[in-house]
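Each chain, letter by letter, is given below.
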Amino acid sequence: MSFHNLKKALIHSKDSLRHLISRLRYDFETSEEKLNIKELKQAVIHRADGKLGDAICFMPFIRELKRFAPDCRIIILSNKSTAEIYQSADFIDEVILFPKKPKNNETDAFADRLKGTDLYIHLFDTLKGRHLRLISRMHPKWVATLDRSLKCDNLKIHQYTACIDDSGNSDEKYSDCLHMTDLLFKILENGGISPELINRGYCRLFADRIPGRGEKYAFLKSQAAPDKINDVTEEKTVIFNPFGASSSRRFSERIITEIIDMLLKLTSAHIVLWTGPGDREYGEKIIGNIFAGNSRVSTTGVLSSASEIIIAMASCDAMIGVDTGSAHAAACFDIPELTFYSSNMVNYSRWYARAPGAVNVILDTGHFGNADENAVSQAVKSFVQKIKL
């Protein structure tokens, strides 16, 4: 066994032992009473570990929960980066910023604040000790997680998906693995709501702030004047996002430049290389070294909030990218999109973009840096021909 694999095995063993101890300390038997969604008084949804795409996927469920249980107080435990998304929704009563690693006294204070909760939802495959301590002290009547080892999880929606380990792997079949939004809707169905009554569509987030037809945010068009709307309103814009949330979901520089070059040749659109704070310098280097002087290529400007990110994405005419939150942002507004996914089929089944204009391509690799260049190029070419940019 290599040192790397030995280290991973030791970490896994340590985490498993911690999880066992936490279950022995905090796990408990919950109610056998059948859930009735319409009678709920308070629901807490834990999303403090979530990202942009997770928040977008959870919003339809939260909207429908409020619709079928209008008297239920809905509280979201969020992180700072996604809190604005939840705060924008009139069907959410309270958003609480929850620390990533709270101390025991902090966890206890949150639990005391949340006592009286009927339903607690935390869709994570292996809950940490701090999560179990919170649930134990809150003592909700119904609990929904993806952790199959917990006695307190009495809704057991994990039966509708495969189990994923800490490395994101699964030995189970994915054919019956539901999408994350459908997993959440199972809670409604198990609580007495007929499936045909549920609106499963995305929420159009910040729709009242999206630029009108023919208008674009300047940072999608111009490097010279990022704070003003560009005068050229007829030019279409394609966002290209090659950077995912993990190191395995990033295209190589060679593939990035090849896709940009292909888009320049096959379309008359303006190409925006989408870069987050950690990738902006790298993206600008690619543009400066290879596409210097080409007015049809630029990078994004500084985006300071979740709303600015979503509004910017909603301002484009098409989107190409890897498996990350941008795929769901495009799906919110039915923007034509091409999204590449890894060969992890359980992850794909849970999180793929679901929209009429979504073209989803599964690559034969777990690491995008090793993607087949011909397969990627052919997918881009077919997509461009299909949407006729």
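Before reading on, note that the structure itself is shown above.
What you see is a predicted model, and the numbers here were worked out from it, not measured in a lab.

A. Structural view of the sheet that holds strand β5 (residues 142-145). The strand order across the open sheet built from 5 strands is β3-β2-β1-β4-β5, with neighbouring strands paired in parallel fashion. Here the strands that pair on one side only, and so sit at the sheet edges, are β3 (94-97) and β5. Looking at each pair of strands side by side, their axes are set apart by 15° on average, direction ignored. Here strand β1 (residues 42-47) runs beside strand β4 (residues 119-122); their pairing, made up of 3 bridges, is parallel. Pairing of Ala 43 across the sheet is with Leu 119, part of β4. Helix α2 (residues 52-68) rests against β1, β2 (73-78) and β4 of the sheet, and its axis sits at about 175° to β1.

B. Region of interest: the packing of aromatic side chains. Tallying each qualifying case throughout the model produces 6 aromatic pairs. Ring geometry for Phe 251 against Phe 340: centres 5.5 Å apart, planes inclined by 75°, an arrangement best described as edge-to-face. Taken together, the residues Phe 251 in the loop between β6 (237-241) and α7 (253-266) and Phe 340 in strand β10 (residues 337-341) connect sequence positions 89 residues apart. When sorted by exposure, Phe 251 lands in the same class as Phe 340, which is buried. Here a set of aromatic residues connected by ring pairs shows up, and it is made of Phe 251, Phe 340 and Phe 368. One Lys or Arg, Arg 47, reaches over the ring of Phe 58 and ends 4.2 Å from the middle of that ring. Across from the ring centre of Tyr 160, 4.7 Å away, lies the NZ or CZ of Lys 186, which sits over that ring.

C. Structural context of the pattern of salt bridges. For the structure shown, the criterion picks out 20 salt bridges. Among the ionic pairs, Arg 137 bridges to Asp 108, the shortest N-O distance being 3.9 Å. Taken together, the positions of Arg 137 in helix α5 (residues 129-138) and Asp 108 in helix α4 (residues 104-113) put the pair 29 residues apart, joining distant regions of the chain. Under the relative-accessibility criterion, Arg 137 is labelled partly exposed at 36%. A salt bridge links Asp 323 to Arg 249; the shortest N-O distance between them is 3.3 Å. Remark: Arg 249 occurs in the loop between β6 and α7 and Asp 323 occurs in the loop between β9 (318-322) and α10 (325-332); sequence separation between them is 74 residues.

The rules behind each value
- Numbering of residues starts from 1 in every chain and runs along the sequence as written.
- Where local features are concerned, this predicted model is filtered to residues with pLDDT of at least 70; where side-chain atom pairs are given and counted, the filter is 80 or more; whole-chain, interface and lining totals use all residues.
- With hydrogens and water stripped out, all remaining heavy atoms of the structure feed into the side-chain values.
- Any two strands with at least two DSSP bridges between them are considered paired.
- The numbering of helices and of strands both runs from the N terminus, where a helix is a DSSP run of H or I of at least 4 residues and a strand a run of E of at least 2.
- Between the N-to-C directions of two axes lies an angle of 0 to 180 degrees, each axis being a line fitted to C-alpha atoms and, for a helix, fitted only over the stretch in contact.
- By definition, residues are in contact when any of their heavy atoms lie within 4.5 Å.
- In summary, the pairing rule links any two rings of Phe, Tyr or Trp, Trp by its six-membered ring, whose centres are within 6.5 Å, and it sorts them by plane angle into stacked for under 30 degrees, edge-to-face for over 60 and tilted for everything else.
- Partly exposed describes any residue whose relative accessible area lies between the buried limit of under 20% and the exposed limit of over 50%, with all areas from a 1.4 Å probe on protein chains only and scaled to the type maximum.
- To sit over a ring, a charge needs its Lys NZ or Arg CZ within 6 Å of the ring centre and within 35 degrees of the ring normal.
- Salt bridge, as applied in this entry: a Lys or Arg side-chain nitrogen positioned within 4 Å of an Asp or Glu carboxyl oxygen.

That's the geometry; what it means functionally is another story.
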